[in-house]
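# Survey of secondary and tertiary structure
One letter stands for each residue in the lines below.
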Amino acid sequence: MTSPAETPPPAAARPVLLLTRRLPDAVEARASRDYRALLNPEDRAFSGAEIAARAAEAGADAVLCCAGDRLDAAAIAALPERVRVLATFSVGTDHIDLEAARDRGLTVTNTPDVLTDATADIALLLLLGAARRASEGERMIRANAWTGWTPTQLMGTHVGGKRLGIVGMGRIGQAVAARARAFGMAIHYSNRRRLPPELELGAIYHADPEEMLSVCDVLSLHFPATAETRHWLNAERIGRLPPGAILVNTARGSVVDDGAVIAALKRGRLAAAGLDVFENEPNLHPGYRDLPNAFLLPHLGSATVETRNAMGFKALDNIDAVMAGRPAPDRVV
């Protein structure tokens, strides 16, 4: 929600807020109302060093950054001392060196809760698009290569009755499960802790994700990117999936080993993959581009007007709290 309408303080008295990327109009309007906001209308992606330099030049009190901004220890150290809060326009914080921020006494916040449904919707789009060979059909139409209906054309996989394995049964994983149930899928999941029955809703719990892989006709990933989870889905784990399984990833690109996934797609060990996130994006592994059984989206998980506005307002709520000397509602560090 936006802050209640009020008369803003004189411009000279407002804290300085650096926005590293162009944000939705409503978010920038609120930022400009309440702060001396340094916007990025060209939406240029800055390096961590450039963000620190811009913050120093502007005399920033707060920085509103995004998931693509690499704020490592050097960038955190280079931020001017007057910067009190780093609010990221994302749930994930793997782009920020949290240890360096903690050592510096910098508050870091994120935007949980508001993008659950939008991301779960994209996961189902990826699941269905991959299973039903949607990208192949769409390309056929655009290339004017469709010669008419035939009984065996682009036969895909019926998802009803299939087993969906979810690794990471947090808010988004639970929302994906709810949607998949409507398609008649059986839900299996692995999580650090078992959910209570009222949230589990009949889903089958696997304490060990390795043991769950053998029952995953579809595998959907919903866990954070960390050093421990980098390339979690590798050739060995793909080998434990049923032949012809489908992969869905809306988590982070780094949690899958691209080489292993591409090899499995090429030889049919994986029937298809629906991917919205990529390691080193936007410079995704070129091997994906020519695979007909890879259904690819450009990180659209939270890309609705309503969700992106809510993310921006939540980031500003956190900045407002820190600037007013209150605890940030969504403090990570």
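Residues numbered from 1 in each chain as written. Predicted model: local features only at pLDDT ≥ 70, side-chain atom pairs only at ≥ 80, totals over all residues. Heavy atoms only, no water.

The chain appears in an unreviewed UniProt entry as D-glycerate dehydrogenase from Azospirillum humicireducens. Word for word, the UniProt comment on the chain under Sequence similarities (unreviewed entry) is "Belongs to the D-isomer specific 2-hydroxyacid dehydrogenase family." (UniProt positions renumbered as here; feature names shortened; annotations may be inferred.)

## What about the pairing of strand 3 (residues 62-66)?
By the criterion of burial, strand 3 is predominantly enclosed, with five of the five residues buried. Of the two faces of strand 3, the one lined by Ala62, Leu64 and Cys66 and the one lined by Val63 and Cys65 are each fully buried. With three bridges connecting them, strand 1 (residues 16-19) and strand 3 associate as parallel partners. Paired with Leu19 across the two strands is Leu64, which belongs to strand 3. (Buried < 20%, exposed > 50% of the residue type's maximum accessible area, 1.4 Å probe, protein only. Helix = DSSP H or I, 4+ residues; strand = E, 2+ residues; numbered from the N terminus. Pairing = 2+ DSSP bridges.)

## Concerning a nonpolar patch on the surface
Together, Ile141, Trp146 and Trp149 make up an exposed nonpolar region whose accessible area comes to about 430 Å². Residue placement: Ile141 occurs in helix 6 (residues 134-142). (Patch = residues over 30% accessible without salt bridge, like charges linked within 9 Å, V, L, I, M, F, W, Y side chains within 5 Å. Areas by Shrake-Rupley, 256 points an atom, 1.4 Å probe, with all protein chains shown as cover. Salt bridge = Lys/Arg side-chain N within 4 Å of Asp/Glu carboxyl O.)

## Structural notes on helix 11 (residues 258-267)
In an α-helix, one turn spans 3.6 residues; hence positions three or four apart end up facing the same way. Listed in full, the buried residues belonging to helix 11 are Asp258, Ala260, Val261, Ile262, Ala264 and Leu265. Residues of helix 11 that are buried make contact with helix 10 (235-238), strand 10 (245-249), strand 11 (270-275) and strand 12 (294-296). Regarding helix 11, its N-cap is Asp257, as a side-chain oxygen of that residue lies 3.1 Å from the backbone nitrogen of Gly259 further along. (Contact = heavy atoms within 4.5 Å. Polar contact = N/O pair within 3.5 Å; in protein donor to acceptor, adjacent residues only side chain to side chain.)

## Let's talk about unusual backbone geometry
With an omega of 10°, the peptide bond running from Glu281 to Pro282 counts as cis. By the secondary structure assignment, Pro282 is in the loop between strand 11 and strand 12. The phi dihedral of Arg133 falls on the positive side, at around 55°, and the residue is not glycine. Positionally, Arg133 belongs in the loop between helix 5 (116-131) and helix 6.

## So, the UniProt feature "domain: D-isomer specific 2-hydroxyacid dehydrogenase catalytic" (unreviewed entry) in the chain
On the UniProt side, "domain: D-isomer specific 2-hydroxyacid dehydrogenase catalytic" (unreviewed entry) is annotated at positions that read residues 48-332 here. Spanning residues 48-332, this segment combines 36% helix with 15% strand, and its end C-alpha atoms are found 19 Å apart.

## Digging into the packing of helix 5 against helix 7 (residues 171-182)
Between two packed helices, what matters for the description is the angle formed by their axes and the separation of those axes. Two elements in contact, helix 5 and helix 7, have axes whose closest approach is 8 Å; the angle formed by their N-to-C orientations is 50°. By the criterion of interaxial angle, the relationship of helix 5 to helix 7 is oblique. When the axes of helix 5 and helix 7 are compared, the crossing they make is right-handed. Packed against helix 5, whose contacting residues are Thr116, Asp117, Thr119, Ala120, Asp121, Ala123 and Leu124, the element helix 7 presents Arg171, Ile172, Ala175, Val176, Arg179 and Ala180 at the interface. (Axes fitted to C-alpha atoms, helices over the stretch in contact; angles between N-to-C directions. Parallel < 35°, antiparallel > 145°, perpendicular 65-115°, else oblique. Left-handed = near helix turned anticlockwise from the far one by under 90°.)

## Brief notes about the UniProt feature "domain: D-isomer specific 2-hydroxyacid dehydrogenase NAD-binding" (unreviewed entry) in the chain
UniProt records the feature "domain: D-isomer specific 2-hydroxyacid dehydrogenase NAD-binding" (unreviewed entry) at residues 125-301, using the numbering of this structure. For the annotated span residues 125-301, helix accounts for 28% and strand for 17% of the residues, and the straight-line distance between the end C-alpha atoms is 10 Å.

## Overview of helix 2 (residues 48-58)
Taken as a whole, helix 2 has its buried residues at Gly48, Ile51, Ala52 and Ala55. What you see down the axis of helix 2 is that its buried residues fit within an arc of 100°, all on one side. Residues of helix 2 that are exposed and angled more than 90 degrees away from the buried face: Ala49 and Glu57. Among the structural elements, strand 1, strand 3 and helix 3 (73-78) are those in contact with the buried residues of helix 2. Gly59 lies just past helix 2 and shows a positive phi near 65°. (Arc of directions from axis to C-beta.)

## Observations regarding the domain arrangement of the chain
Domain annotation for the chain reports domain 1 (16-110 + 304-324) and domain 2 (116-296). Computed from C-alpha coordinates alone, the two centres of domain 1 and domain 2 are separated by 32 Å. (Domains from an automatic or database assignment.)

## Quick look at the packing of aromatic side chains
Per the counting criterion, the structure on display carries three aromatic pairs. Relative to Trp232, the ring of Phe223 lies with its centre 5.6 Å away and its plane at 75°, an arrangement referred to as edge-to-face. (Phe/Tyr/Trp six-rings, centres within 6.5 Å; stacked < 30°, edge-to-face > 60°.)

## A word on the sheet that holds strand 8 (residues 204-205)
The seven strands lie next to each other as 8-7-6-9-10-11-12, forming an open sheet whose pairing is parallel. Edge positions in the open sheet fall to strand 8 and strand 12, since each of these has one partner strand only. Here strand 9 (residues 218-221) runs beside strand 10; their pairing, made up of four bridges, is parallel. Pairing of Ser220 across the sheet is with Val248, part of strand 10.

## Some remarks on the side chain of Arg252
For Arg252, the location among the structural elements is in the loop between strand 10 and helix 11. Reaching out from Arg252, the side chain makes a polar contact with the side chain of Asp94 at a distance of 3.2 Å. Setting aside residues up to four positions removed in sequence, Arg252 forms contacts with Ala67, Gly92, Asp94, Ala225, Val277 and His299.

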